[in-house]
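Structural overview for review
Below, each chain spelled out in residue letters.
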There are 2 protein chains.
Amino acid sequence: MAKLKGNLLYGQSGGPTSVINASAYGVIKEAMEQHEYVDEVIVMKHGILGALNEDFIFVKDLAKKDIELLKHTPGSAFGSVRHKLPDFREDDTSYLRLLYIFRKYNIRYFLYNGGNDSMDTCSKIADYMRQIDYEIYIIGIPKTIDNDLPFTDHTPGYGSAAKFIANTMMEISYDMLAYPNGKVTIVEIMGRHAGWLTAASAIASESGYGPDLIYLPEVPFSIDRFKKEVAEIYNKKKQCLVAVSEGIMNEEGIFISSSSGLKDAFGHFQLGGVASKLATTVSSDLGIPSRSVEFGSTQRAASHVQSLTDVNEAISVGSHAVKAAIHKRSDLMVVMHRASNEPYTIDYKLHPLADCANTEKRMPKAMINSKGNGITKQYLDYVLPLIQGENLPVYKDGIQQFSTIRSLF
Amino acid sequence: MAKLKGNLLYGQSGGPTSVINASAYGVIKEAMEQHEYVDEVIVMKHGILGALNEDFIFVKDLAKKDIELLKHTPGSAFGSVRHKLPDFREDDTSYLRLLYIFRKYNIRYFLYNGGNDSMDTCSKIADYMRQIDYEIYIIGIPKTIDNDLPFTDHTPGYGSAAKFIANTMMEISYDMLAYPNGKVTIVEIMGRHAGWLTAASAIASESGYGPDLIYLPEVPFSIDRFKKEVAEIYNKKKQCLVAVSEGIMNEEGIFISSSSGLKDAFGHFQLGGVASKLATTVSSDLGIPSRSVEFGSTQRAASHVQSLTDVNEAISVGSHAVKAAIHKRSDLMVVMHRASNEPYTIDYKLHPLADCANTEKRMPKAMINSKGNGITKQYLDYVLPLIQGENLPVYKDGIQQFSTIRSLF
């Protein structure tokens, strides 16, 4: 197989995770070592939008310290985007523009770091470039705190978010125990269609400070059952800690919290406020003092509580993507296969992009308890390896040090 | 001065901080070394309620590991309470009960760890015991994340909360920068009457990722001015990060957020929801996408981001309280005096309890900018020493280890 030498283009897309920049680190480190294949590593600003706008960061211009700090920087250091490409058979404007840019910069390797929507983008570009016969190798790098990508044991970003949620839940639980007559505390956790993040709150129970009830989007939500279950626990313990997914739906499949009626660029409903709604219900209908907590964007941005396992895996999926591309693999996403749970061992493999796009992996029934208000040991066995080890923040003068790449924007 | 030997009673009261248990550690360690004065260290469960109910934990029964872990345990490990004692001249029932308990257990040293309301409790007990001539030495140990106790440079608990707020604000800010067209993000921070906690968000600006606007309860809040200031920044940057105190009031002194109309045991209004109200205003009146974040109880419970300076000071106020009591000082609260800022040096002193009760220290004008929407360098010089150093959590299998004292409840 003849070697192909050219430039590598990398971009970030979709919602940030606290370790997506660790994947960028993995890509950059690996690509810079592959001199025989890669001339230059170029990064799109704001994902595919940067490619369309010819708005790039050249890795050779970055300070070494800023590259190292990617392992500790939350958010999308290179900018992200939610931009849906049309079907090129209907409108090829964007694709022609991309082809022009790829030729101009001799882009031969294209790595895109994102969730299901991003894999859709990736897959469409791969299809187009194959069809017009431009030689380029396209690999998707998974990331999402939601853990809802199929064909991979889990996704980089999930372990750190799970670790933040578990540890913060413990703190809220311990804090809640302060008073003899407590409240019902309802914590809202991200996860539009899958309960993986909300389930992570159960890890806190390993220490004795977990939620009493967990409501996942996989189980149809009944307000009446919820009130009954909360009242039962509160009457016994004078406290009740509830973890609830933002994405819970009633039996008819209507979000409990889609009050705003607003949709995002991908046509998804904007969620939020379900905990506050349920707290109001508890106070008014049950007459029990109640309050709500929303973790909000901190659960995907908490660089100060990172799982070292997650960070290392995020780096690995990045470097594996580079290796796959230079070996002329394409239209594939890097996936993780759990070869063994004890000892926890991950094999990195590749799976067709088209399969990964626009499908969501929900929690299997075997991980949800029979009452539909908690999780099983099978889930704990699955999740615990993912939160092991700490990637301690780099503090200076009491605050974290982040990569200063943003100053190039 | 004849030595007095007896038992020492310690309790926690008011809202938890992430380091109140470090003060308990300081009390216990110091008291156990003072064999000539202290026979036994006894802790009230749920503060003064434990004394009234004769519900105690005897420190000699605690495992060494549980005492050590107090330095890493959030919440009130021994239980807290909000219980207002009546004026003993009007109703001495509780005081007679306390006297009975103090005599029964030979309590000669009474240390109470709390905020302004707790110092009121402490002061009343001291008054009563002096009046009926029961020999007991009563010392208040300050704590509050709000930093609103007078006569002390700052309070234990504030430094860690400030560190959590600053670091989380940086993360939210970095996360927010991901998209090219951002939102107005409004973060609600605790602080009923004083802006100390909200001001701490400005520390994040030291790294370049701080809030654009800061609204404190010390400055009357105008919705019109707020809208103008937000629009100005958003139009320039396409992003705007706002830190707002839960306790902001309009020109007439009415809380922007006292929608529930509910008061707590001390007659204070329950606040919350101001960020969500302001986000709705921005979306509807300005037509700019906006979202709100509430830190909620995590800001006082985040044991995973503790300032080592704060933890060490919390331990010191505890040990100083013991030393003061055994040296027959009474009706006093331990206060911190900043002898020097460079190097940062704290002297521990004592101040009459009665002065400290029910008064609140607000931010001085010199720490607030002239526009009333930010802070000055004087505040940063004041706060930065308080967040220095990290008291790293004790992780085991990916989650924090807390003291298991709660299992005795």
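Structural notes, computed from the coordinates.

Definitions and cut-offs
Residues numbered from 1 in each chain as written. Chains lettered and ligands numbered in written order. Predicted model: local features only at pLDDT ≥ 70, side-chain atom pairs only at ≥ 80, totals over all residues. Heavy atoms only, no water. Contact = heavy atoms within 4.5 Å. Buried area = accessible area lost by both parts, 1.4 Å probe. Salt bridge = Lys/Arg side-chain N within 4 Å of Asp/Glu carboxyl O. Polar contact = N/O pair within 3.5 Å; in protein donor to acceptor, adjacent residues only side chain to side chain. Helix = DSSP H or I, 4+ residues; strand = E, 2+ residues; numbered from the N terminus. Expected span 1.5 Å × (residues − 1). Buried < 20%, exposed > 50% of the residue type's maximum accessible area, 1.4 Å probe, protein only. Phe/Tyr/Trp six-rings, centres within 6.5 Å; stacked < 30°, edge-to-face > 60°. Lys NZ or Arg CZ within 6 Å of the ring centre and 35° of its normal. Right-handed = clockwise from strand over helix to strand, strands pointing away. Least-squares fit on C-alpha atoms with pLDDT ≥ 70 in both. Pairing = 2+ DSSP bridges.

1. A word on the interface of chain A and chain B
Taken together, the contacts link 57 residues of chain A with 57 residues of chain B. Taken over both partners, the interface formed by chain A and chain B buries close to 4600 Å², and the fraction arising from carbon and sulfur atoms is 59%. The largest share of the area that chain A buries against chain B comes from E171(A), Y174(A) and Y179(A), three residues that together contribute 16% of it. For D175(B), the salt bridge is made with R300(A), and the minimal N-O distance between the two is 2.8 Å. Seen at the junction of chain A and chain B, the total is 33 residue pairs in polar contact (both at pLDDT 80 or more). Only helix 6 (158–176), strand 9 (290–294), helix 10 (298–301) and strand 13 (399–400) of chain A provide two or more residues apiece to the side of chain A that touches chain B.

2. Considerations on helix 5 (residues 116–131) of chain B
Residue and element names in this part refer to chain B. With 16 residues, helix 5 ought to run about 22 Å at 1.5 Å a step, and its terminal C-alpha atoms sit 23 Å apart, in line with that. The element helix 5 is extensively covered by neighbouring structure, given that 13 of its 16 residues are classed as buried. Phi turns positive, to about 70 degrees, at D133, one or two residues after helix 5.

3. What about the packing of aromatic side chains?
Scanning all chains against the criterion turns up 42 aromatic pairs over all chains. Summarising the aromatic geometry, the rings of Y209(A) and F402(B) are spaced 6.0 Å apart at their centres and angled 45 degrees between planes, so their arrangement reads as tilted. Of this pair, Y209(A) sits in the loop between helix 7 (196–199) and strand 7 (213–215) while F402(B) sits in the segment after strand 13 (399–400), placing the two residues on different chains. Pairing F102(B) with F110(B) gives two aromatic rings, centres 5.6 Å apart and planes at 45 degrees, and the pair type is tilted. The structure contains a cluster of three or more aromatic residues connected by ring pairs, namely F102(A), F110(A), Y112(A) and Y134(A). Geometry around F88(B) places R89(B) over its ring, the cationic atom sitting 4.4 Å from the centre.

4. Thoughts on the pairing of strand 2 (residues 38–44) of chain B
Most of strand 2 of chain B is tucked away, with 5 of its 7 residues classed as buried. One crossover worth recording links strand 1 (residues 6–12) of chain B to the parallel strand 2 of chain B by way of helix 1 (residues 20–33) of chain B, and it is right-handed.

5. Considerations on the relation of the copies chain A and chain B
Rotating chain A by 180 degrees and translating it 0.0 Å along the rotation axis places it on chain B, where the RMSD comes to 0.0 Å. Considering both components of the superposition, the chain copies are consistent with a two-fold axis. When C-alpha distances to the rotation axis are compared across chain A, the minimum falls at E294(A), with a value of 3.3 Å. In this assembly the copies share their binding face: 100% of the residues contributing to the interface of chain A also contribute to that of chain B.

6. What to know about the pairing of strand 8 (residues 240–245) of chain A
Residue and element names in this part refer to chain A. Most of strand 8 is tucked away: 6 of the 6 residues are buried. By the alternation rule, side chains of strand 8 split into C240, V242 and V244 and L241, A243 and S245, which are all buried. Where strand 6 (residues 184–189) and strand 8 come together, 6 bridges link them in parallel fashion. Directly across from T185, in strand 8, lies its bridge partner L241. The handedness of the strand 7 to strand 8 crossover, carried by helix 8 (residues 223–237), is right-handed.

7. Description of unusual backbone geometry
Residues and elements named next belong to chain A. Here the residue pair E342 and P343 is connected by a cis peptide bond, since its omega of -5 degrees sits within 30 degrees of zero. Structurally, the position occupied by P343 is in the loop between strand 10 (332–341) and strand 11 (344–352). Phi angles above zero are rare outside glycine, and K328 is one such case at about 65 degrees. By secondary structure assignment, the location of K328 is in the loop between helix 11 (308–326) and strand 10. Positive phi, normally seen in glycine, also occurs at D331, with a value near 60 degrees. Mapping D331 onto the fold places it in the loop between helix 11 and strand 10.

8. Digging into the pattern of salt bridges
Residue and element names in this part refer to chain A. Applying the stated criterion across every chain, the model contains 40 salt bridges over all chains. The partner of R97 in a salt bridge is E54, and the shortest N-O contact between them spans 3.7 Å. Pair noted here: R97 is in helix 4 (residues 93–104) and E54 is in the loop between helix 2 (48–52) and strand 3 (56–58), with a separation of 43 residues, a long-range link. Note on R97: relative accessible area 29%, which makes it partly exposed. The partly exposed category is assigned to E54, whose relative accessible area is 25%. Between K227 and D285 there is a salt bridge, with the nearest N and O atoms lying 2.8 Å from each other. On the criterion of sequence distance, the pair formed by K227 in helix 8 and D285 in helix 9 (residues 274–286) is long-range, its members being 58 residues apart. For D285, a relative accessible area of 47% gives the class partly exposed. Several salt bridges share partner residues, and in doing so they unite K29, E68 and K71 into one network.

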